[in-house]
Amino acid sequence: MNLMNNMDSENRVVLNVGGIRHETYKATLKKIPATRLSRLTEALGNYDPVLNEYFFDRHPGVFAQVLNYYRTGKLHYPTDVCGPLFEEELSFWGLDSNQVEPCCWMTYTQHRNTQETLAVLDRLDLDTEKPTDEEVAKKFGFEDAYNKGKVSWWQHLKPQIWSLFDEPYSSNAAKIIGIISVFFICVSIISFCLKTHPDMRVPYIRNITVKTANQNTSWVLDKTQTNAHIAFFYIECVCNAWFTFEIMVRFISSPSKLRFITSSVNIIDYIATLSFFIDLILQRFASHLENADILEFFSIIRIMRLFKLTRHSSGLKILIQTFRASAKELTLLVFFLVLGIVIFASLVYYAERIQINPHNDFNSIPLGLWWALVTMTTVGYGDMTPKTYIGMFVGALCALAGVLTIALPVPVIVSNFTMYYSHTQARAKLPKRRRRVCPVELSRPPRLPGQGGPGVCNTGSGKLPSSNAPSTGSMDQAIRRMNANRTITKDVILPKMETKEPVGNV
């Protein structure tokens, strides 16, 4: 019986992980080869021969699931541990994170979606915190000059101009520039809309010479068209002068010219500004041509200046990013809408022709496409309606299918917006300057008397220790450092225990 107990104790191994002792069989650790626990030997540095255990300064909660994986062959994810920490622990123990059980896979992979979301928010540049000088130098490409202390006046002035015109929340002056920019954008849009109102236009009167029946000459005033009031022209001149100045300043002070040119908002900005000058040239040289008013259609791109407001509103940036992230769902929505429109347009066309219907509005399937579109989108203009019972039944099915088709992807879009918005609010509440944790190397254990080694002579031979041999006080300090390294702390640093130095020399 004692022999069996001795054999059982020899087959068991004690693992001290983060201060919590776990005991298992060596055969259990051999179940998963090529891992850290399957290669345990007493020659390892973390083996304590006094306590007969292996010590690992790792997360004890994760190790409980790791050890359970060795026992049962099933790896589960603890819900009270962050995903990156779980991956780091698995990497330390030499395990594959893809072995997580299907019941825990969705919960485990949530941190990956969160990391992708945070990466997207980093690209959106939603931070309002002022960057450090080192970050500014790295952003504008003069990091070497900054490290050498040879920053020129232009390198010092360029980031200030850029933050003044492109980062509205960087300073009070930048806020004023942002308010001025928003003011000119709003005035330009309002002016563009108001100049089309009949009360805001001036009639263009032309004097026409005609001959009467008595072969006399008379003049007739003819109002052929109306033009916008001259005040709108001066308003647009002032607004576009500001937009031109703003584009030039931002281009000159931009950290990356290529990124500035290829930015979608900047493309809208300088195309809208360029359209104003093209409109002036056409009015000067092409106003005598027929259908010259059609050229004014291209000035509608100035409405797109509203997208410039995204630089001043994080909510608009999040909304645009939500539509980008929901591109697959929106594409699926359009596909099902087109499919339903074609099907119901064909059905209503033939349904209205089955019975006698003298007031049939569906003379062709293309006309039915318009009816199916306004019905599936629940608009219903009423310009085309089915008159037969079969056509009404098709119309009811079309309306129901439209409601279901449009309602399905809406929760996904709302979920994406909520995700981005909640992460943005959480990032805004986090401290920008966080305390850094420096890595600390474990100190080597002190050598006991009688052990050989560099700098230590064998005291048993009667020789004095060399000058490099550690004294008793240094040995006690080394022991205290080892105990401090093995102490588990959380938010509070435990006081170190002091030991009394023995009297005499070793």
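Please read all numbers here as calculations on a predicted model, not as lab measurements.

Enquirer: Can you help me understand the environment of Arg311 in this one?
Expert: Take Arg311: it is sitting in the loop between α13 (264–285) and α14 (314–325). Look at Arg311 and you get buried, because its relative accessible area is 12%. Separated by 46 residues in the primary sequence, Arg311 and Val265 have C-alpha atoms spaced 8.9 Å apart. Residue contacts for Arg311: discarding those within four places in its chain leaves Phe165, Asp166, Pro168, Ser181, Glu246, Arg250 and Lys317.

Enquirer: In this structure, what is going on with the sheet that holds strand β1 (residues 12–17)? I would like to understand it.
Expert: The pairing of strands in a sheet comes from backbone hydrogen bonds and takes either a parallel or an antiparallel form. Across the sheet, which stays open at both edges, the four strands sit in the order β2-β1-β4-β3 with mixed pairing between neighbours. For this open sheet the edge positions go to β2 (20–25) and β3 (47–48), each flanked by a neighbour on one side alone. Pairing of β1 with strand β4 (residues 53–56), which is carried by three bridges, proceeds in the parallel orientation. Residue pairing across strands places Leu15 opposite Tyr54, the latter belonging to β4. Packing against the sheet, helix α3 (residues 60–72) makes contact with β1 and β2, and its axis sits at approximately 5 degrees to β2.

Enquirer: Explain the confidence of the model for the protein to me, please; I cannot follow it from the model alone.
Expert: When pLDDT is low, close inspection of the predicted coordinates is not appropriate. Summing up the model confidence of the protein, the mean pLDDT is 78 and the portion of residues at 70 or higher is 78%. The low-confidence segment residues 447–506 (pLDDT under 50) makes 49 contacts with residues lying over four places distant or belonging to another chain.

Enquirer: Help me out: how do you make sense of the packing of aromatic side chains in this one?
Expert: A ring pair, where both rings are aromatic, is described by two values, the distance of the centres and the angle of the planes. Here the structure, examined in full by the defined rule, presents 22 aromatic pairs. Ring geometry for Trp105 against Tyr108: centres 5.6 Å apart, planes inclined by 55 degrees, an arrangement best described as tilted. Within this pair, Trp105 and its partner Tyr108 are both found in helix α5 (residues 102–108), separated by three residues, close to a single helical turn. Note on Trp105: relative accessible area 28%, which makes it partly exposed.

Enquirer: What exactly am I supposed to notice about the pattern of salt bridges here?
Expert: Two side chains that carry opposite charge are able to pair once their charged atoms sit near each other. Counted according to the given criterion, the structure contains eleven salt bridges. Ionic pairing is found between Glu53 and Arg21, a salt bridge with its closest N-O pair at 3.0 Å. Pair noted here: Glu53 is in strand β4 and Arg21 is in strand β2, with a separation of 32 residues, a long-range link. For Arg21, a relative accessible area of 52% gives the class exposed. Counted as one network, the salt bridges with shared partners bring together Lys195, Glu236, Asp279 and Arg302.

Enquirer: Looking at this structure, I do not really get the packing of helix α7 (residues 133–140) against helix α9 (residues 153–166). What am I missing?
Expert: For any two helices packed against each other, one specifies the crossing angle of their axes together with the interaxial distance. The contact between α7 and α9 brings their axes to 11 Å, and the two run at 90 degrees. It follows that α7 is roughly perpendicular to α9 by the angle criterion. Between α7, through Val136, Lys139 and Phe140, and α9, the contact on the second element is made entirely by Lys158, Pro159 and Trp162.

Enquirer: Is there a simple way to explain the UniProt feature "transmembrane region" (unreviewed entry) in the protein in this structure?
Expert: When the UniProt feature table is mapped onto this chain, "transmembrane region" (unreviewed entry) is found at residues 176–194, 231–252, 258–282, 330–350, 362–382 and 388–414. Regarding residues 258–282, the helix share stands at 96% and the strand share at 0%, and the terminal C-alpha atoms are separated by 31 Å. Structurally, residues 362–382 is divided into 57% helix and 0% strand, and its ends, taken at the C-alpha atoms, are 13 Å apart.

Enquirer: Which parts of the structure should I look at to understand the state of the cysteines?
Expert: Disulfide: a covalent bond connecting the sulfur atoms of a pair of cysteines. Throughout the structure, instances matching the rule amount to zero disulfides. For Cys104, which is in no disulfide, the shortest distance to another cysteine sulfur is to Cys103 and amounts to 3.7 Å. For Cys104, a relative accessible area of 13% puts it in the buried group.

Enquirer: Explain helix α15 (residues 327–354) here, please?
Expert: Quick reminder: α-helices carry 3.6 residues per turn. Residues three or four places apart thus point the same way. A rise of 1.5 Å per residue sets the reference length of α15, with its 28 residues, at 40 Å; its end C-alpha atoms lie 41 Å apart and thus fit the reference within 8%. Elements that come into contact with the buried residues of α15 comprise α16 (365–376) and α17 (389–407).

Enquirer: Is there a simple way to think about the packing of α9 against helix α11 (residues 230–253) in this case?
Expert: Where α9 meets α11, the axes come as close as 9 Å, and the angle between the chain directions of the two elements is 140 degrees. Looking at the two axes, α9 sits oblique to α11. Crossing of α9 over α11 shows left-handed handedness. Across from Trp154, Lys158, Ile161, Trp162, Phe165 and Asp166 in α9, the residues of α11 making contact are Trp242, Phe245, Glu246, Val249, Arg250, Ile252 and Ser253. Residues that form the contact of α9 with α11 fall into these classes: eight nonpolar, one polar and four charged.

Enquirer: Whenever I open this one, the side chain of Ser188 confuses me. Can you help?
Expert: Of note, Ser188 is situated in helix α10 (residues 172–194). Assessed through its relative accessible area of 6%, Ser188 is described here as buried. Among all residues touching Ser188, those that are not within four sequence positions of it are Cys239, Phe243 and Arg305.

Enquirer: What is the right way to look at a nonpolar patch on the surface in this model?
Expert: Together, Trp153, Trp154, Leu157, Met248, Phe251, Ile252 and Ile261 make up a nonpolar patch on the protein surface, roughly 700 Å² of accessible area in all. Contributions of two or more residues to the nonpolar patch are made by α9 and α11. Tracing the backbone through its elements, the reader meets Ile252 in helix α11. For Ile252, a relative accessible area of 46% corresponds to the partly exposed category.

Enquirer: Help me understand helix α6 (residues 110–124) in this model?
Expert: For α6, with 15 residues, the first-to-last C-alpha span of 21 Å sits near the 21 Å given by 1.5 Å per residue. If you check which residues of α6 are buried, you get His111, Thr117, Val120, Leu121 and Leu124.

Enquirer: Is there a simple way to explain the nonpolar core in this structure?
Expert: Core analysis: the largest hydrophobic core is formed by 26 residues, its most contacted members being Leu15, Leu37 and Phe86. For this core, the elements supplying multiple residues, two or more each, are β1, β4, α3, α4 (83–93) and α5. Among the elements that take part in this core, α3 stands out by supplying six residues, more than any other. In this view, Leu37 contacts Leu15, Leu29, Phe56, Phe63, Tyr70 and Trp93; residues no more than four positions away in its chain are not counted. Listed in part, the 14 residues of the second largest apolar core include Ala351, Met376, Val394 and Cys398.

Enquirer: What's the story with the pairing of β4 in this structure? I'm lost.
Expert: A regular strand places its side chains on the two faces of the sheet in alternate fashion. Here β4 shows a buried face lined by Glu53 and Phe55 and a second buried face lined by Tyr54 and Phe56. In the sheet, β3 pairs with β4 via two bridges, with the strands oriented antiparallel. Among the inter-strand pairings, Tyr47 is bridged to a residue of β4, identified as Tyr54. As consecutive antiparallel partners, β3 and β4 are separated by four residues, and within that stretch Asn52 has a phi angle of approximately 55 degrees, a positive value.

The rules behind each value
Residues numbered from 1 in each chain as written. Predicted model: local features only at pLDDT ≥ 70, side-chain atom pairs only at ≥ 80, totals over all residues. Heavy atoms only, no water. Helix = DSSP H or I, 4+ residues; strand = E, 2+ residues; numbered from the N terminus. Buried < 20%, exposed > 50% of the residue type's maximum accessible area, 1.4 Å probe, protein only. Contact = heavy atoms within 4.5 Å. Pairing = 2+ DSSP bridges. Axes fitted to C-alpha atoms, helices over the stretch in contact; angles between N-to-C directions. pLDDT = per-residue confidence, 0-100. Phe/Tyr/Trp six-rings, centres within 6.5 Å; stacked < 30°, edge-to-face > 60°. Salt bridge = Lys/Arg side-chain N within 4 Å of Asp/Glu carboxyl O. Parallel < 35°, antiparallel > 145°, perpendicular 65-115°, else oblique. UniProt positions renumbered as here; feature names shortened; annotations may be inferred. Disulfide = S-S within 2.5 Å. Expected span 1.5 Å × (residues − 1). Left-handed = near helix turned anticlockwise from the far one by under 90°. Nonpolar A, V, L, I, M, F, W, Y, C, P; charged D, E, K, R; others polar. Patch = residues over 30% accessible without salt bridge, like charges linked within 9 Å, V, L, I, M, F, W, Y side chains within 5 Å. Areas by Shrake-Rupley, 256 points an atom, 1.4 Å probe, with all protein chains shown as cover. Core = buried A, V, L, I, M, F, W, Y, C linked by side-chain atoms within 4.5 Å.

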